[in-house]
Structures are given as C-alpha cells and as structure tokens.
Amino acid sequence: MSKCAWVTLTTNDAYSLGAMVLAHSLKRVGTVHDLVVMITPTVSEAMRSRLREVFNLVQEVNVLDSKDATNLAILARPELGITFTKLHAWKLVQYEKCVFLDSDTLVIQNCDELMEREELSAAPEVCWPDCFNSGVFVYRPNEATFTSIIEFAAKNGSFDGGDQGILNSYFSQWAHTDITKHLPYTYNTAAFAVYSYLPAFKEFKNKIKILHFAGKVKPWLLNFNSETKQASIPPMFTHCGDFIQLWWNIFCDNVHQRLSDQMLPHADYFLQEEAGLAGALAQVRLGEPRSSEQEAYEASMRRQCWESGNIDYTGKDSFDNIWKKIQETLEMKPEAPAKSADDDNDKSSVTPPEIEIKATAQKLIASNVTTPKPARSTNKPTPQPPARQKSKKSK
Ligand code: UDP
Ligand code: MN
C-alpha cells in the first residue's frame, strides 16, 4: 500500500497529553501506518522530545488562527480559532493518504481500513447531520489543495469560526454526492450525549472504533485519583466511563513516565493553565499512598479542574464533603483574645457572637485562599499552581 499516516495536531502541552494517549491507542490496536503530530512553537521543548519518542514525525507548523471572535462567541469556544492550524495537514505531501484525528480522540479498535477511503471522507456531525465533524477525516495531502482552502477561507470565512465550518463549506458536496465518503458514525462517536442518544450509545458501544471527546470536557481535565488510578466519571459521562478510564489507563501505562516537570506553564498567559497541567501530572506518583506533597499537587490539579468547570460532584467536591468542611470550620473555636489584668473580674469576657462569626469567616477565607505549594527538589523550578481563570479560555 502507498505511504499513509495518522495525523494529529497540538498547540500546547495539555493537548499534547491527548496526542500522546491517542498515539499509544493507535499502537495498542496494531496500526501499520505512520504517526505524525503537527506542533506549533508554543509546545514546550520537553514535550517535543517526548512526542518524538512516540510519533514517526513531529512537524512544526505556524499558527493559523481564524480570529473570528463573533462566530466563536456563538459557539462559546473562543479557543477554536486556532484549529485553522489543522489545515497544514494538507502540506504533508510525503504521504499519499492520511487520516486526520483530533488529539481528543481515542482509537478503540484497529481502523487501518480508513486509508482506503477517498478525500474527503468523514462522519456526520451529531448536532447537524448534513455537516461532517472535522475531528476525524480522510484526505490526500496536496499543496494546491492547501492553498485553495486558505484562499477560500480568506474570501468566505468560516461559519463557526473554526476549521469545521471552513472544511464543510469547502467540501460542501460531502452532504449529497458520494455516500462512500460518509464514514459510519462508529469512526467518530461523540462521547458527550444528549438524552435521546443514550440507548443508541448502549446499542452500538461495542462497535465504536474511534471515540471523540468533543466539547469542553476533555479526559485530561477530569479528576483522577493517582493512588487508585481511577478517573472520576462525571454523571453525564457514565455511559462512556470505561472509555474515559481506558484513556487514563493508557496515560498511566505509557505516557505518565514520559512526562517531565519541565513542562511548565508557558509564558503566554492563554496557555498557562493547561500547559501547567502536564508539569503537575509529572509530579504525581501512581499507585502509591499519597504523601502530603502528592496531596498538594492533586489539590492544585483539582482546583484547575474545578475552575475549568469539571467539578468532582461524586468525589472530593461532593456536597457532603463541602458541607463537612463548612461544619468543621464552623466548629473550630476562635483564638481566645489576649487576657488583660481586668479580665479575671470581668464576667463579660465571653467572646461576643459577632467576634466569633468574624473569626470563623476569617478562617474560612484563609482556608480557601491558601493554595498548597509543594516542596520541590532544589535544582528544579517550582511549578506554580494554575493561575485563576481570567482568560478567554473556558475549557
Ligand atoms: N487544538 C489544539 N489546541 C487548542 C485547541 C485545539 O491543539 O487550544 C487542536 C487539537 O488537536 C484538538 C483540535 O484542535 O483536538 C480541535 O479542537 P477540540 O478538539 O478542542 O474541538 P472539539 O472537538 O471539542 O470541537
Ligand atoms: Mn475534538
């Protein structure tokens, strides 16, 4: 067969975690094809060298951004402008045929047969079935096609501000001309489900070949217990909990030991929170009782998950635990005020309720703002806990 490759993209160290797990998922199912990752200059040196260990080719590309704030605001996904960078995939002309995979996809079963399909083959978008989802597509690298898509984008823009809008407009004949270009949904099954989706998910679950964690919730942003190696599955993801666990199993078995604490927050604030995640995960010891240092790292990661909207409702962030913490804090006696000489005769020295409330409130505030700063070995830089979310990024 001609030279074929699986191609993915990552623009920061957090999406690189997805790319690494994806690559190992492809190896696990015994693909015979090359693995290629396109990276932008914003991926750290430490992460690049790890990617080189797994991918046949690590190709640096420059960032293409739609800068289409209006349409991206409609989607509530400001970060997706950067996905225009995907278009560089057409420039990998050393390959005859490729399948592009988002780095938030997970290959469950071997699907090398996809390389026999023609450009542009893709599966329907769950929210708009006359469009394809651009997280998985078969294409033929070609410089002329690249230029033509870029020119088309410059002239027409993208209806969603991201790569999916532009690719659907450019390959608009996909919807109604050639059914062989419609990939079965099992090649790009969305993990997120609306209620009517659940019975079908259950029915076809065993046939899923590629699962796609499309949407704001990515596996690497979910809570994970390093001691038990179990991920916390949010209630809305119960139907695909075993796939989320598979993502973390691959992470534990193949990716974790490759991480390094040099995967630090990037200078660019926009990338800071997620880039910091890979560095924080590098500190975590798997399958061991957690030391106070480990607890501190996990607390810092949990805060990152919380702030990105992934609250561990059934685990540490459950209502019961929060309520227990409030009660413990309320039950704590405030510090006794310093005794004065008159106090012994003064029956009114019992702390008035307003002082008690104030002291309790101060303790509550103090316990909330104190972010653990784990002790580090001397010659390594200390990763700061994730910055508070004030950027446009909402994942
Ligand atoms: N991507 C990236 N950095 C980002 C956003 C996206 O590298 O900050 C890449 C990555 O390969 C990702 C793809 O672009 O899988 C599409 O974005 P995403 O998967 O978040 O979109 P969704 O599938 O949720 O619509
Ligand atoms: Mn995706």
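Everything that follows concerns the structure shown earlier in this document.
Quantities reported herein were computed from a predicted structural model and do not represent experimental measurements.

### Here we look at the sheet that holds strand β9 (residues 210-212)
Reading across from one edge, β5-β9-β8 is the order of the three strands in this open sheet, with mixed pairing throughout. Two strands bound the open sheet, and with one partner strand each, they are β5 (105-107) and β8 (189-190). Summarising the sheet, β5 and β9 pair through three bridges and their orientation is antiparallel. Note on β9: the bridge partner recorded for V107 is I210.

### Quick look at the sheet that holds strand β6 (residues 121-125)
One open sheet accounts for six strands, arranged β3-β2-β1-β4-β7-β6; its pairing is mixed. Every other strand in the sheet has two partners, leaving β3 (57-60) and β6 as the edge strands with one partner each. For this sheet the average axis-to-axis angle between neighbouring strands, irrespective of direction, equals 35°. Pairing geometry for strand β2 (residues 34-39) and β3, over four bridges, is parallel.

### Remarks on the packing of helix α1 (residues 13-28) against helix α2 (residues 45-54)
Packing of α1 against α2 brings their axes to within 10 Å, and their N-to-C directions diverge by 10°. Compared by their axis directions, α1 and α2 come out roughly parallel. In contact with D13, S16, L17, A19, M20, A23, H24 and K27 of α1, α2 contributes M47, R50, L51 and V54. For the contact of α1 with α2, the class distribution of residues is seven nonpolar, two polar and three charged.

### A few points about the pattern of salt bridges
Taken as a whole and assessed by the stated rule, the structure comprises eleven salt bridges. Residue R258 pairs with E53 through a salt bridge whose shortest N-O separation is 2.7 Å. In this pair, R258 sits in the loop between α7 (241-255) and α8 (269-283) while E53 sits in helix α2, placing the two residues 205 residues apart along the sequence. Take R258: its relative accessible area is 21%, and that puts it in the partly exposed class. Accessibility expressed as a relative area gives 48% for E53, which makes it partly exposed. The salt bridge involving K218 is made with D104; its shortest N-O contact spans 2.6 Å.

### Thoughts on α7
Its 15 residues give α7 an end-to-end C-alpha distance of 20 Å, which sits within 8% of 21 Å, the value for a rise of 1.5 Å per residue. Buried residues dominate α7, accounting for eleven of its 15 residues. Those residues of α7 not exposed but buried are G241, F243, I244, Q245, L246, W247, W248, I250, F251, C252 and V255.

### Let's talk about the coordination of the manganese ion (ligand 2)
Coordination of the manganese ion (ligand 2) by the protein is provided by D102 (OD), D104 (OD), D104 (OD) and H212 (NE2), with metal-donor distances spanning 2.2 to 2.4 Å. In this structure, the manganese ion (ligand 2) is surrounded by six donor atoms whose angles at the metal cover 56 to 172°, and the resulting shape is irregular. All donors of the manganese ion (ligand 2) come from a single chain, and their spacing in sequence reads D-x1-D-x107-H. The exposure class of D102 is buried, given its relative accessible area of 16%.

### With respect to the packing of helix α4 (residues 143-156) against helix α5 (residues 163-170)
Across the interface, α4 lies against α5 with an axial gap of 10 Å and an inter-helix angle of 105°. The orientation of α4 relative to α5 falls into the category roughly perpendicular. For the pair α4 and α5, the contacting residues are T145, S148, I149, F152 and A153 in the first and I166, L167, S169 and Y170 in the second. Here the residues of the contact of α4 with α5 sort into six nonpolar, three polar and no charged.

About the criteria used
Residues numbered from 1 in each chain as written. Chains lettered and ligands numbered in written order. Predicted model: local features only at pLDDT ≥ 70, side-chain atom pairs only at ≥ 80, totals over all residues. Heavy atoms only, no water. Pairing = 2+ DSSP bridges. Helix = DSSP H or I, 4+ residues; strand = E, 2+ residues; numbered from the N terminus. Axes fitted to C-alpha atoms, helices over the stretch in contact; angles between N-to-C directions. Parallel < 35°, antiparallel > 145°, perpendicular 65-115°, else oblique. Contact = heavy atoms within 4.5 Å. Nonpolar A, V, L, I, M, F, W, Y, C, P; charged D, E, K, R; others polar. Salt bridge = Lys/Arg side-chain N within 4 Å of Asp/Glu carboxyl O. Buried < 20%, exposed > 50% of the residue type's maximum accessible area, 1.4 Å probe, protein only. Expected span 1.5 Å × (residues − 1). Donors = N, O, S within 2.8 Å, 3.2 Å for Na, K, Ca; no water. Tetrahedral: all angles 85-135°; square planar, octahedral: opposite > 155°, others 65-115°.

Function cannot be read off these values alone, since they describe shape.
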